[in-house]
Amino acid sequence: MILSLQKIQNKEYKKIKEKNPDFKVIRGNEIYLCRDNLNGQNFIKGEDKYYHFILLAKDAEGHKQLRQLSSIAWMNSYWDRGMERCVTTYSDLREIVNKYPDSLIATTACLGGELSTNTMNLISAETVGDKEGAATAHNNIVNFMLWCKELFGEDFYVECAPASSRDQVMVNERLVPISQAFGVKMVVGSDAHYLKKEDRYIHKAYLNSKEGEREVDSFYEFAHLMDNNEAYEYLKES
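Residues numbered from 1 in each chain as written. Predicted model: local features only at pLDDT ≥ 70, side-chain atom pairs only at ≥ 80, totals over all residues. Heavy atoms only, no water.

Novice: Quick one: what's the story with the overall build of the protein, residue by residue and with numbers?
Specialist: The helix and strand tally for the protein stands at 9 helices and 8 strands. Considering only residue pairs separated by 6 or more positions, the protein has 72% of its internal contacts joining residues 24 or more positions apart. Of the roughly 14400 Å² of accessible surface on the protein, a fraction of 52% belongs to carbon and sulfur atoms. (Helix = DSSP H or I, 4+ residues; strand = E, 2+ residues; numbered from the N terminus. Contact = heavy atoms within 4.5 Å. Areas by Shrake-Rupley, 256 points an atom, 1.4 Å probe, with all protein chains shown as cover.)

Novice: For the sheet that holds strand β5 (residues 87-89), give the residues involved together with the corresponding values.
Specialist: The pairing of strands in a sheet comes from backbone hydrogen bonds and takes either a parallel or an antiparallel form. Spatial ordering of the open sheet is given by β5-β1-β2-β6-β7-β8, a layout of 6 strands whose pairing is mixed. Both edges of this open sheet fall to β5 and β8 (186-188), since each of them pairs with a single strand only. Averaged over all adjacent pairs, the angle separating strand axes in this sheet is 45°, with direction ignored. Across 3 bridges, the pairing between strand β1 (residues 28-34) and β5 is parallel. (Pairing = 2+ DSSP bridges. Axes fitted to C-alpha atoms, helices over the stretch in contact; angles between N-to-C directions.)

Novice: Tell me what's going on with the environment of Asn10, and back it up with residues and numbers.
Specialist: For Asn10, the position within the fold is in helix α1 (residues 2-19). Sequence-wise, Asn10 and Val25 are 15 residues apart; in three dimensions their C-alpha atoms are separated by 9.0 Å.

Novice: Would you mind going over the pairing of strand β7 (residues 156-160) in detail, with residue names and values included?
Specialist: Across a regular strand the side chains alternate sides, sitting on one face of the sheet and then on the other. Burial analysis of β7 places 4 of its 5 residues in the buried class, the great majority of the element. Where strand β6 (residues 104-107) meets β7, 2 bridges bridge the pair, whose relative direction is parallel. Residue pairing in the sheet places Ala106 in a bridge with Phe156 of β7. Crossover connection from β7 via helix α6 (residues 166-182) to parallel β8: handedness right-handed. (Buried < 20%, exposed > 50% of the residue type's maximum accessible area, 1.4 Å probe, protein only. Right-handed = clockwise from strand over helix to strand, strands pointing away.)

Novice: Residues and numbers for unusual backbone geometry, please.
Specialist: For Asp102, which is not glycine, the phi dihedral falls at a positive 60°. Tracing the backbone through its elements, the reader meets Asp102 in the loop between α3 (90-99) and β6. If you check the backbone angles, Ala109 has positive phi at about 70° while not being a glycine. Within the element layout of this structure, Ala109 appears in the loop between β6 and α4 (114-128).

Novice: How would you sum up the pattern of salt bridges? Please name residues and give values.
Specialist: A pair can form between side chains of opposite charge whenever their charged atoms are brought close. Under the counting rule described, the total for this entry stands at 5 salt bridges. Measuring nitrogen to oxygen at the nearest pair gives 3.5 Å for the salt bridge that ties Asp167 to Arg166. (Salt bridge = Lys/Arg side-chain N within 4 Å of Asp/Glu carboxyl O.)

Novice: Explain the packing of aromatic side chains to me, and be specific about the residues and the numbers.
Specialist: Taken as a whole and assessed by the stated rule, the structure comprises 6 aromatic pairs. Taking the centre distance of 4.5 Å and the plane angle of 85° together, the rings of Tyr90 and Trp147 count as edge-to-face. Placement of Tyr90 in helix α3 and of Trp147 in helix α5 (residues 131-152) is noted, with a sequence separation of 57 residues between them. Across the pair, exposure class does not vary: Tyr90 and Trp147 are buried alike. Taken together, a centroid distance of 5.1 Å and an interplanar angle of 75° make the contact between Phe222 and Tyr234 edge-to-face. One end of the pair, Phe222, is in the loop between α8 (217-220) and α9 (228-235); the other, Tyr234, is in helix α9, and 12 residues separate them in sequence. Here Phe222 matches Tyr234 in class, with each residue buried. (Phe/Tyr/Trp six-rings, centres within 6.5 Å; stacked < 30°, edge-to-face > 60°.)

Structure below.
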């Protein structure tokens, strides 16, 4: 099934490439990146967050890494909070990347990523004067950024997203100085879960088609494929 899908993708890619020579397809994966030994802490099922993290293959070796990481995650999958979780741990990722260095690009992903989550925690703690909470969030950001830089080097990027939601705008504003402080370049990602903003209700129905109801409006409101003009307009608010 996967091989058949790849053949279809390659066929369509070649068609587009004939008329648009600069068109590129990058194979990637959005993983759940979870702690198992960062700062000596282990992941706790039912309590910890499943952080989003983006991996993109630079070449055939990178694609091989993605397949290996996916296989490990699926073999170790389990059910938690009503969903099957296919987790990639810090040690899993480190082992594969160190075995085949310089083959993957990594970004911090969306608001569901570890960097953006801790940035939001930092903002919230500062707002209410929670010095201890702010210090914890700050340390989490520093440790995460240093770990990613060490593992991926120049192939690590801080990702922001075009949106007008309050949380995203506040996070975007803080991601800029964070990226500058660590000397990490920034990229923009629209986190496209559906094609057009008019398709939002279809996406919501799909997510809620299984057991239980999920609140998807706030998180996925801007998660569609955007053209440059729309993305620029949203980023002006950050």
